[in-house]
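The primary structure of each chain is shown beneath.
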Amino acid sequence: MTISISALRAGAQTNLDTISALRTVYDYIPDTAPATPSAIVGNVSIDWDDANSRGLDAATFSVYVVVSRMSERSGQDTLDALLAGSGAGSVKTALETGGTLNGSCSTMRVTRATPISISMGGVEVFAY
């Protein structure tokens, strides 16, 4: 299957839009700090030809979930729900629903959540 980066981004955005706790979902990296909580579909890396002569291409991308300024305790509560392994508010569940990101890939799997701090608009925000 040929990978379309824009289709992957759009599929991830569509799936993440089902999470009511997220105010905004971006299929691009915004220029300014987003309203929180939000999700941002990050850059995509591609490994071509993982199997015989164009038999398999593999794409990996990050989704940044930005919840609050580092100093806000409520941000951790919001992240706890978004990081659940299953359920209506789970990022993992939302992304894996349907398994193909609206047909943009043949299979999809969420494998990791890593805490990070991002500086957006001069403000340090808590994110995964």
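Residues numbered from 1 in each chain as written. Predicted model: local features only at pLDDT ≥ 70, side-chain atom pairs only at ≥ 80, totals over all residues. Heavy atoms only, no water.

(A) Structural view of the side chain of Ser 38. Looking at the element boundaries, Ser 38 is found in strand S2 (residues 38–51). A distance of 3.2 Å separates a polar atom in the side chain of Ser 38 from the backbone oxygen of Ala 35. Apart from residues no more than four positions distant in its own chain, Ser 38 is found in contact with Leu 22, Thr 24, Tyr 26, Tyr 64, Val 65 and Val 66. (Helix = DSSP H or I, 4+ residues; strand = E, 2+ residues; numbered from the N terminus. Polar contact = N/O pair within 3.5 Å; in protein donor to acceptor, adjacent residues only side chain to side chain. Contact = heavy atoms within 4.5 Å.)

(B) Layout of the pattern of salt bridges. Going through the model one piece at a time under the given rule, you end up with one salt bridge. Between Lys 92 and Glu 96 there is a salt bridge; the shortest N-O distance is 2.8 Å. A residue pair is termed a helical-turn pair when its members lie 3 or 4 positions apart in one helix, as Lys 92 and Glu 96 do in helix H3 (residues 91–96) at four residues. With a relative accessible area of 28%, Lys 92 lands in the partly exposed category. (Salt bridge = Lys/Arg side-chain N within 4 Å of Asp/Glu carboxyl O. Buried < 20%, exposed > 50% of the residue type's maximum accessible area, 1.4 Å probe, protein only.)

(C) Up close: the sheet that holds strand S1 (residues 24–26). Pairing in this open sheet of five strands is mixed, and the strands run S1-S2-S3-S5-S4 from one edge to the other. A strand with exactly one partner marks an edge of an open sheet, and here the two such strands are S1 and strand S4 (116–120). With direction set aside, neighbouring strand axes in the sheet form an average angle of 35°. Sheet topology note: the S2/strand S3 (residues 56–69) ladder contains nine bridges and is antiparallel. Among the inter-strand pairings, Ser 45 is bridged to a residue of S3, identified as Thr 60. Its contacts with the sheet place helix H1 (residues 5–16) against S1, S2 and S3, and it is angled at close to 135° to S2. Along the sheet face, helix H2 (residues 74–82) touches S3 and strand S5 (123–127) and points at about 150° away from the line of S3. (Pairing = 2+ DSSP bridges. Axes fitted to C-alpha atoms, helices over the stretch in contact; angles between N-to-C directions.)

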